[in-house]
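# Overview (structure and organization)
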Amino acid sequence: LESKLPAVAFYAPANRLIYEKLVELYQKSPPVDIAVLAEELKTTKQLESIGGFAYLTQISGRIPTTAQAQYFIDRVRELYLLRELIKVATGAVENCYNYQGGLEEFIDKVEQDIFKVTQDRVSDGAKPMKDPTHEAMNVITKMMMKKGELTGVPSGFRDLDALTFGFQKAEMIVLAARPSMGKTSLALNIAESAAMPRRGGEPATTLVFSLEMSSPQLALRMLCARARVNMKLLRDGLLSKNGSEQQELIKAADEFSKSPIFIDDSSHLTIMELRAKARRVHARHKLGFIVVDYLQLLSPSDPRVPREQQVAEASRGLKALAKELNVPVLVLSQLNRSSEKDNRTPRLSDLRESGSIEQDADVVLMLARPKDADEKFQVAADSAELIVAKQRNGPVGELKLTFLRDITRFENFTQ
């Protein structure tokens, strides 16, 4: 009741006051009945303001049984939401007449206001320590019960999951690399693992924002990777029509069709448009994981602002989105050329165009060719190094992955 029906949900001030007092009584745990309620209101000198004992008797006499309580709770809440929507919509109309520039910000603000109204919870800015402590203890209990099992969304890679215990809710995870290192392939492999976990875990509804590739291109990559079909041979028409590869592709297509994966391939998205789209999908399908490919392709809200500030705004917006929807957000990012020029392992300072990416991210992953890779040996070049360069709530380290070029798929590293 307290979380779904605030006191302001009652239109009549007397009913609002009575409800507040009932909730207060319920928290103190004495018997909640009309005599105790009247006495409490009398003590705080509020009994007369609500119409006296006669009004309490009158409203309690109207409902002879609590069997219909849920219907009346829903009805009060429904009318309250309608009043709130009227208030927000009227405010939006007034603000439209007083509009003074910044259309994207204005629309985002209106959408946020409407979204807040439709939420089930009372969202207070500051919470007492009791609630977060309770949530943290639940996580601790799960960790102790599971003994090292994942507490977040699985990446599908054994060594990475061992370091992170899965991607946690409200975290922004940055996956950075130079072009053509396999960022998108790795992100798609992770998205597949999140939506279709191998060990029979709970599938996470996954939303992929692809600002670089079209959805059919992404689907082709994901199908070939899952079916383990050589994409070059497929493109060259060298695969037989009724061979095992076709059967595997049909099977993979069927699995993806039933999977909770959504792809948005809109280009020229601003961070506010991206957040608005994510909110809409989340309202309908309750998201569990979001992938953004990639950060530097997001359009600026204001092109006149310096590039570093544009990227910083996008980075902050994605971190805010992770917290708002309480889901992990995997953000792909470019690295600058420093590591290539110096022929060294990439580091946090190589994140391109803004230091705020490093600051906002909870986890930073960097994809690189291993130090011992040799151009002459195709086998060595097929291994990749994944560096966990930052992790707010866990260790950092380096791990190896195997990259199967022909099917654009990353796998657990094997010697």
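Here we summarise the structure given alongside this text. (Residues numbered from 1 in each chain as written. Predicted model: local features only at pLDDT ≥ 70, side-chain atom pairs only at ≥ 80, totals over all residues. Heavy atoms only, no water.)

Another point: the overall build of the protein. Counting its secondary structure elements, the protein contains 16 helices and nine strands. When the 415 residues of the protein are sorted by exposure, 42% land in the buried category. Considering only residue pairs separated by 6 or more positions, the protein has 66% of its internal contacts joining residues 24 or more positions apart. With the model as given, the accessible surface of the protein reaches about 23,800 Å², and the carbon-plus-sulfur share is 54%. (Helix = DSSP H or I, 4+ residues; strand = E, 2+ residues; numbered from the N terminus. Buried < 20%, exposed > 50% of the residue type's maximum accessible area, 1.4 Å probe, protein only. Contact = heavy atoms within 4.5 Å. Areas by Shrake-Rupley, 256 points an atom, 1.4 Å probe, with all protein chains shown as cover.)

Attention now moves to the packing of aromatic side chains. In this structure the tally under the stated criterion is five aromatic pairs. Taking 5.7 Å as the distance between ring centres and 65 degrees as the angle between the ring planes, the aromatic pair formed by Tyr 99 and Phe 106 counts as edge-to-face. Phe 106 gets classed as buried once you look at its relative accessible area, which sits at 17%. An angle of 15 degrees between the planes, with centres 6.1 Å apart, marks the rings of Phe 167 and Phe 289 as stacked. On the criterion of sequence distance, the pair formed by Phe 167 in the loop between helix H7 (158-164) and strand E1 (172-177) and Phe 289 in strand E4 (residues 289-293) is long-range, its members being 122 residues apart. Given the relative accessible area of 1%, Phe 167 is considered buried. (Phe/Tyr/Trp six-rings, centres within 6.5 Å; stacked < 30°, edge-to-face > 60°.)

With that settled, the discussion passes to the packing of helix H5 (residues 103-117) against helix H12 (residues 271-285). As a packed pair, H5 and H12 sit with axes 10 Å apart at the nearest point and diverge in direction by 20 degrees. Taken together, the axes of H5 and H12 lie roughly parallel to each other. Crossing handedness for the pair H5 and H12: left-handed. In this structure, H5 uses Glu 104, Glu 105, Asp 108, Glu 111, Gln 112 and Phe 115 to contact H12, whose residues at the interface are Met 272, Glu 273, Arg 275, Ala 276, Arg 279, Arg 280 and Ala 283. Classifying every residue of the contact of H5 with H12 by side-chain character gives four nonpolar, one polar and eight charged. (Axes fitted to C-alpha atoms, helices over the stretch in contact; angles between N-to-C directions. Parallel < 35°, antiparallel > 145°, perpendicular 65-115°, else oblique. Left-handed = near helix turned anticlockwise from the far one by under 90°. Nonpolar A, V, L, I, M, F, W, Y, C, P; charged D, E, K, R; others polar.)

A word on the nonpolar core. Counting 39 residues, the largest nonpolar core has Leu 186, Phe 289, Leu 330, Leu 365 and Leu 386 as the members making the most contacts within it. For this core, the element with the most residues is helix H8 (residues 183-195), which contributes seven residues. Apart from the residues within four sequence positions on either side, Leu 386 is in contact with Leu 160, Leu 175, Leu 186, Leu 365, Met 366, Leu 367, Gly 397, Glu 398, Leu 399 and Leu 401. The next biggest cluster of nonpolar side chains, apart from the first, holds 32 residues, and it includes Met 172, Phe 209, Leu 274 and Leu 295. (Core = buried A, V, L, I, M, F, W, Y, C linked by side-chain atoms within 4.5 Å.)

If you trace the nine strands from one edge of the open sheet to the other, you get E3-E2-E4-E5-E1-E6-E7-E8-E9, paired in mixed fashion. Every other strand in the sheet has two partners, leaving strand E3 (261-264) and strand E9 (409-412) as the edge strands with one partner each. Each neighbouring strand pair of the sheet contributes to a mean axis angle of 25 degrees, computed without reference to strand direction. Bridge analysis of E4 against strand E5 (residues 329-334) gives three bridges, and the strand direction is parallel. Across the sheet, Val 291 pairs through a bridge with Leu 330, a residue of E5. Packed onto the sheet, helix H9 (residues 215-227) meets strand E2 (206-210), E3 and E9 and runs at close to 145 degrees relative to E3. (Pairing = 2+ DSSP bridges.)

Attention now moves to H12. With 15 residues, H12 should cover 21 Å at 1.5 Å per step; its first-to-last C-alpha distance of 21 Å lies within 8% of that length. What H12 keeps buried is the set Ile 271, Met 272, Leu 274, Arg 275, Ala 276, Ala 278, Arg 279, Val 281 and His 282. Of the surrounding secondary structure, the elements contacted by the buried residues of H12 are H5, E2, E4 and helix H13 (307-325). (Expected span 1.5 Å × (residues − 1).)

The next thing to look at is the pattern of salt bridges. By the definition in use, this model includes 16 salt bridges. The partner of Arg 279 in a salt bridge is Glu 324, with the nearest N and O atoms 2.6 Å apart. Note that Arg 279 is positioned in helix H12 and Glu 324 in helix H13, a separation of 45 residues in sequence. Taking the relative accessible area as the measure of exposure, Glu 324 reaches 24% and is therefore partly exposed. (Salt bridge = Lys/Arg side-chain N within 4 Å of Asp/Glu carboxyl O.)

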